[in-house]
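Chain by chain, the residues run as shown.
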Amino acid sequence: MTNNHYDTIVVGGGIAGLSAAAFVAQAGQSVALFEKQDKVGGLIQTFERNGVYFDGGLRSMENSGILFPMLRALDIEIDFVKSKTSIGFADSILVIEKEENIDEYQEILIKKFPDDAEDIKKIIRQVRKSMNYMDVLYGIDNPSFMDLKNDKKYVRKVLLPWMFKFLMTIRKINKLEEPVDEYLLRFTKNQALIDVIGQHFFQKTPASFALSYFSLYLDYYYPKGGTGTVIVKLAEYITEHGGDIQCSTSIAEHNPEQKFVIDERGNKVQYDNLIWAADLNQLYKRIPTNSLKNKKLVRKIENQINRFKGLRGGDSVFSVYLTLELNPEYFDDKCTGHFFYTPRLEGLSAVDKTALNEFLALETVDPNDAALKVKLIDYLKEFCDLNTLEIAIPVLRDPNLAPEGKTGVVVSLLFDYKLAKKIEETGWTAEMKEILEKQLIQILDESIYPGFKEKVSHRFSSSPLTIEKRTDSTEGGITGWAFTNPYIPVVNKMLTVAKSVNTVLPNVYQAGQWAYSPSGMPISVLTGKLAADKAIKNSTKKK
């Protein structure tokens, strides 16, 4: 340990923790960031395999009036390119470059579902409304990153007029909290149509969030060097401004009364403020309540543990990383570097889940049950066939991310943690991964990328268990709490986002995807900044 006392300790080295630590360091206060893994970044990584670069988490980065203002506030310069998104249904591909592309989207849907033309027009009208709401919501740079005290003109000319529109819009957004699949049933009874519109979203995603995504596609950017460039720059900023980053350091114990943490090696560090930018389940489980004197605080901690008990993490993903002996031009003729593709139009509701339900219902599974294994394999293949795939091709956005004649491709689909866990417990993980990898390659070879299969020179994959082990995130969740939970245990209204960083613990704040719902990269950055502001203010008062 470099020091045994800091103004602020940050636990968790994802983008929320890095943002928080950067702003604390900028304020001239001492800060240490502890990260369990051997490098920072969490769900945002760029890594290299045989000269080809892949993004290990986010495929693109939304600005949302948050990312760019954060970087400007820290005076961090990064070269970004506009990340064009494309959407494909079977043989129809649409590149989204402007709001008017929604008309082409409607035409494609009508072409694929001609009997549902009127229903589709009604749905698109709702999409347009949600897009307008999102344009207001993210219509200006987030005020949390602005110097409002010294920029009265901005407050008068920009912020106050926006606030009026924001308050009017947020009421409309709050009326669209119904899950998108249920909401769409108001406009069509065609389940396949509902599926292809919304099956690449997380289960029970609120309609306001899902239907507005067409606008968010227009707000996607890609940093030169890969998404991990943002992580590298934030880490450099922290160390250059006197902060300590300690990787491969897990917090084993936390005493909120005496304000110290102990790592797994027994090192004890005192703090004035603590920002927990990791899984909230772990925050309270690290506290030895039997050693605390304040019984009221103990009850609060126990209530939080019970509040989180049994709640599921958000959907996770299965991803296969492929190196192909193909020039990027092969892909550039077909799609963009960020591509949502639905090869078949039956929709996931058509998948026969009998084998899945049988497998999950068994308390224990005989690994030698060949008949059950075959049925599960058939289910997984059909699940892949009827799914929507998220395809990322980094070299199409930065030509330096693959050598000449090669292209790196990442193919992902939403995947249930419980299924992945059950497969592991049965001892079938290696075999099922192999099947999923081959099936995804086969699907693309037979649809949008003919000749794809024979050009694959290297492949590997990750599952929800990979994410769980790497990030210590509940059920490998990639967006915090699941929408399928009976309740959301954190703040989930934008008007009260400032309260999302508060905890029941004295001088302890929370940030990241588990601190607010619905979550993502922008909200992780925002909560990191809000938590840092509270820590800075608290330390300044003491001094």
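Structure report, in brief. (Residues numbered from 1 in each chain as written. Predicted model: local features only at pLDDT ≥ 70, side-chain atom pairs only at ≥ 80, totals over all residues. Heavy atoms only, no water.)

### Re the overall build of the protein
We count it as follows: Each helix is a run of DSSP H or I of at least 4 residues and each strand a run of E of at least 2, with the numbering of both proceeding from the N terminus. Atoms considered for the radius of gyration are the C-alpha atoms alone. The globule rule reads 2.2 Å times the number of residues to the power 0.38. Exposure is judged per residue with a 1.4 Å probe applied to protein chains only, and the accessible area is read against the type maximum: over 50% gives exposed, under 20% gives buried, and values in between give partly exposed. For the area figures, the Shrake-Rupley method with a 1.4 Å probe applies, and any residue is considered shielded solely by the protein chains shown. Here the positive residues are Lys and Arg and the negative ones are Asp and Glu; neither His nor the chain ends is included. For charged residues, the charge sits on one atom: NZ in Lys, CZ in Arg, CG in Asp, CD in Glu.
The helix and strand inventory of the protein stands at 19 helices and 19 strands. For the protein, whose C-alpha radius of gyration is 24 Å, the value lies close to the compact-globule estimate of 24 Å for 543 residues. Within the protein, buried positions represent 57% of all 543 residues. Here the protein has roughly 23,000 Å² of accessible surface; of this, 49% comes from carbon and sulfur atoms. Both charge centroids of the protein, one from 68 positive and one from 70 negative side chains, sit 9 Å from each other.

### Considerations on a nonpolar patch on the surface
What counts here: Residues forming no salt bridge and having over 30% relative accessible area are the ones grouped into patches, like charges within 9 Å of each other and nonpolar side chains (Val, Leu, Ile, Met, Phe, Trp, Tyr) within 5 Å. By salt bridge we mean one thing: a side-chain nitrogen of Lys or Arg within 4 Å of a carboxyl oxygen of Asp or Glu.
There is a patch of nonpolar side chains on the surface, built from M163, L167 and L495 and spanning about 240 Å² of accessible area. Mapped onto the secondary structure, L495 falls in the loop between α18 (464–471) and β19 (508–510).

### Regarding α18
Let me state the cut-off plainly: Taking the helix axis as origin, the arc is that swept by the directions to the C-beta atoms. When checking whether two residues touch, look at their non-hydrogen atoms; a contact exists if any pair is within 4.5 Å.
For α18, every residue scored as buried is listed here: P464, L465 and I467. Across the axial projection of α18, the buried residues extend over an arc of 160°, all falling on one side. Looking at the buried residues of α18, the elements they touch are β14 (316–324), β17 (407–415) and α16 (417–426). Positive backbone phi, approximately 60°, marks D472, located one or two places after α18.

### What to know about a positive patch on the surface
A cluster of like positive charges, contributed by K122, R125, K129, K172 and K175, occupies part of the molecular surface. Among the elements that line the positive patch, the one with the most residues is helix α4 (residues 117–137), at 3 residues. Relative to the helices and strands, K175 is located in the loop between α5 (152–174) and α6 (180–184).

### Quick word on empty space enclosed by the protein
Spelled out, the test is: Only protein atoms enter the 1 Å grid used here. Points where a 1.4 Å probe fits but cannot escape make up a cavity, open sets with protein on both sides within 12 Å along at least five of seven lines make up a pocket, and a residue lines them when an atom lies within 4 Å of a point. Grid points are joined across faces, edges and corners, and a volume is the space filled by probe spheres set on the points.
By the definition in use, this model includes 2 cavities of 30 Å³ or more. If you add up the space inside the largest cavity, you get close to 180 Å³. Along its surface, the largest cavity is lined by 18 residues, and Y105, I197, H200, F201 and Y217 are the ones closest to its centre. For the lining of the largest cavity, the elements supplying multiple residues, two or more each, are β7 (85–89), α7 (191–198), α8 (207–211), α9 (213–217) and β15 (338–342). When its volume is computed, the second largest cavity comes out at roughly 100 Å³.

### Topic: the sheet that holds strand β6 (residues 80–82)
Just so we agree on the cut-off: Any two strands are treated as partners once DSSP identifies two or more bridges connecting them.
Strand order across the open sheet formed by 3 strands is β5-β9-β6, with antiparallel pairing between neighbours. Single-partner strands in this sheet number two, and they are β5 (61–62) and β6.

### Overview of the pattern of salt bridges
Evaluation of the coordinates by the stated rule reveals 26 salt bridges. Between R265 and E264 there is a salt bridge, with the nearest N and O atoms lying 2.9 Å from each other. Across the pair E325 and K406 runs a salt bridge, and its minimum N-O distance is 2.6 Å. Here E325, found in the loop between β14 and α13 (328–332), pairs with K406, found in the loop between β16 (389–392) and β17; they are 81 residues apart in sequence, far enough to count as distant. A relative accessible area of 22% means that K406 is categorised as partly exposed. It is possible to trace a salt-bridge network through shared partners that takes in E434, E437, K438 and R459.

### Quick look at the packing of helix α14 (residues 354–361) against α16
Spelled out, the test is: With axes taken as lines fitted to C-alpha atoms, and helix axes fitted only over the stretch in contact, angles between N-to-C directions fall between 0 and 180 degrees. An angle below 35 degrees is treated as roughly parallel, one above 145 as roughly antiparallel, one from 65 to 115 as roughly perpendicular, and anything else as oblique. In this scheme, a crossing is called left-handed if the near helix is turned counterclockwise away from the far one by less than a right angle; it is called right-handed if the turn is clockwise. Residues are grouped as follows: Ala, Val, Leu, Ile, Met, Phe, Trp, Tyr, Cys and Pro are nonpolar; Asp, Glu, Lys and Arg are charged; every other residue, Gly included, is polar.
As a packed pair, α14 and α16 sit with axes 10 Å apart at the nearest point and diverge in direction by 60°. On the basis of their axis angle, the class for α14 and α16 is oblique. As for the relative orientation of α14 and α16, their crossing is left-handed in sense. Counting all contacts with α14, which are made through L356, F359 and L360, the residues of α16 involved are K418, L419, K422, I423 and T426. Residue composition of the contact of α14 with α16, by class: 5 nonpolar, 1 polar and 2 charged.

### Looking at the layout of surface pockets
Gaps between atoms show up when a probe of the same size as a water molecule is rolled over them. For the second largest pocket, the calculated volume is near 860 Å³. Q203, D315, L348, K353 and F383 are, among the 35 residues lining the second largest pocket, the residues nearest its centre. Secondary structure elements with two or more residues in the lining of the second largest pocket: α6, α7, α14, α15 (370–385), β17 and α16. Looking at the lining of the second largest pocket, the element that brings in the most residues is α7, giving 4 residues. Looking at the lining of the second largest pocket residue by residue, the classes come out as 16 nonpolar, 11 polar and 8 charged.

Without other data, these values stay purely geometric and don't point to any function.
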